[in-house]
Structures are given as C-alpha cells and as structure tokens.
Amino acid sequence: MKSIFRIGIVLFYLPAIFGFGEAGRTGSNHELLVYSLLFGLCLIQVGLVGYWRYESSKIWRVSLFILWIGIPFLMISQFVSLLDLAHEVEQNVLSQHGILLPIGILSLGFPVGLMLWGYAINRDLTPLGLGLSISALIMATGLLLTPMIHHIGIILVSICLYGLSNRMF
C-alpha cells in the first residue's frame, strides 16, 4: 500500500510542476498531465485504504470517507479537461449546466477531506497534519485566487502526504 500511495502522490504532483501557473484545470494543456493526475488520484484513493485501519477516531474516519467521496468527483472534473483537449466540450461545461454543477461542488470534498484528515493527524500523531491542513487550505484558496497559488498548494499537499507515508505505513 505504501508504494501505491507514494506513486499516486508523485503522479498527482507532476501536473502542478509542469503546468505551474497555467490557467484552467491543473494539467489541462497536455493530455499526459491530465492522465498523470487521474492515475495519481486513483492510486491515492487505493492507498488510503491502508489508513482506514491505522486509527479509529471518528474525525479520522469521517475525513477519509469525505476524501473517498471527493476523489471520484475530482476525477470526473479532470476528465472534462480531456474532453476539452479533444474539442468535445468547453472547459467551463460544469458551471454552465445546472445539472453538472454538483460535480464541481462534490469535488471540493478532496481539499475538505484533506483539511479534516490533517486536523485528525495533528491531534493524534504529528505536526505534519497541521501542514497538510494548511496546504489543503492553500490549494482550495488557490482555486478562487490564482492558478499559481493552487499549484503551490498541490505541491505542498504532495510533500506532506509523502512525509506522512513514511510515518504511518
């Protein structure tokens, strides 16, 4: 599980590095970056299974559950980037159609789950949890402000998750 989780973290990290500061979805300028992000999220989700048994506090379990719910919706949102690269849909299709708006809203479960998980980790295990919560907040705030801040948040989240994988598996 540790190696699956770490590979997922690296694949999640790459689009933020190679697409640093670009407008639109992370990695949306090249299909390999989008696929890297999609596969990274898949592997992170699989790797999170190993954390379910690690701790049994309610906040820990709720945060992992929110992450498991948010990751697939984030993956759907990133899949729209592939459709945009294939010139099948417009980049902002999720916000134009009311029926698709919940996908974008539910994908916010990813940063919210990371913030809660960071709180649970900080409370029970290590100050790296505080770093994870702050990094996830930066990542979410960057969605509203600028792509550069969002990408910095992704990089910081990846670093915190990698550090946590050393201590928890």
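For every chain, the first residue of the written sequence is number 1, and numbering continues from 1 along that sequence. Local features in this predicted model are restricted to residues of pLDDT 70 or higher, and side-chain atom pairs are both shown and tallied only at a pLDDT of 80 or more, whereas totals for entire chains, interfaces and linings draw on every residue. For the side-chain quantities, the full set of heavy atoms in the structure was used; hydrogens and water were omitted.

Draft legend 1. How the structure looks around the packing of helix α1 (residues 2–18) against helix α2 (residues 31–47). Every axis in this analysis is a line fitted to C-alpha atoms, fitted for helices over the stretch in contact. Angles between the N-to-C directions lie between 0 and 180 degrees. We count a stretch as a helix when DSSP gives it H or I for four or more residues in a row; a strand needs E for two or more, and each element gets its number in order from the N terminus. Close contact between α1 and α2 brings their axes to 7 Å; oriented N to C, the two are set at 150 degrees. In terms of their interaxial angle, α1 and α2 are classed as roughly antiparallel. For the crossing formed where α1 meets α2, the hand is left-handed. Packed against α1, whose contacting residues are I4, F5, I7, G8, I9, L11, F12, L14, P15 and F18, the element α2 presents L33, S36, L37, F39, G40, L41, L43, I44, V46 and G47 at the interface. Here roughly perpendicular refers to angles of 65 to 115 degrees, roughly parallel to angles under 35, roughly antiparallel to angles over 145, and oblique to all remaining angles. Crossing handedness follows the turn of the near helix against the far one: under a right angle anticlockwise gives a left-handed crossing, and clockwise gives a right-handed one. It only takes one pair of heavy atoms within 4.5 Å for two residues to be counted as in contact.

Draft legend 2. Summary view of helix α4 (residues 58–85). Taking 1.5 Å per residue, 28 residues should reach 40 Å; α4 reaches 41 Å between its end C-alpha atoms and fits that length. Phi turns positive, to about 60 degrees, at H87, one or two residues after α4. What a helix is expected to span follows from its residue count: subtract one and scale by 1.5 Å.

Draft legend 3. Main features of the nonpolar core. Counting 33 residues, the largest nonpolar core has F12, L48, F110, L114, W117 and L132 as its most contacted members. Listed by contribution, the elements that provide at least two residues to this core are α1, α2, α4, α7 (109–124), α8 (128–144) and α9 (147–168). Apart from residues lying up to four places away in sequence, F110 is in contact with F12, L41, L67, G70, I71, L74 and M139. Residues belong to a common nonpolar core when they are buried Ala, Val, Leu, Ile, Met, Phe, Trp, Tyr or Cys residues joined through side-chain atoms within 4.5 Å. Remark: exposure states derive from per-residue accessible area (1.4 Å probe, protein chains only) relative to the maximum for the residue type, with buried under 20%, exposed over 50%, and partly exposed in between.

Draft legend 4. Just the side chain of S158, in detail. Looking at the secondary structure, you find S158 in helix α9. Residue classification places S158 among the buried positions, given a relative accessible area of 2%. Discounting chain neighbours no more than four positions away, the residues touching S158 are I9, F12 and Y13.

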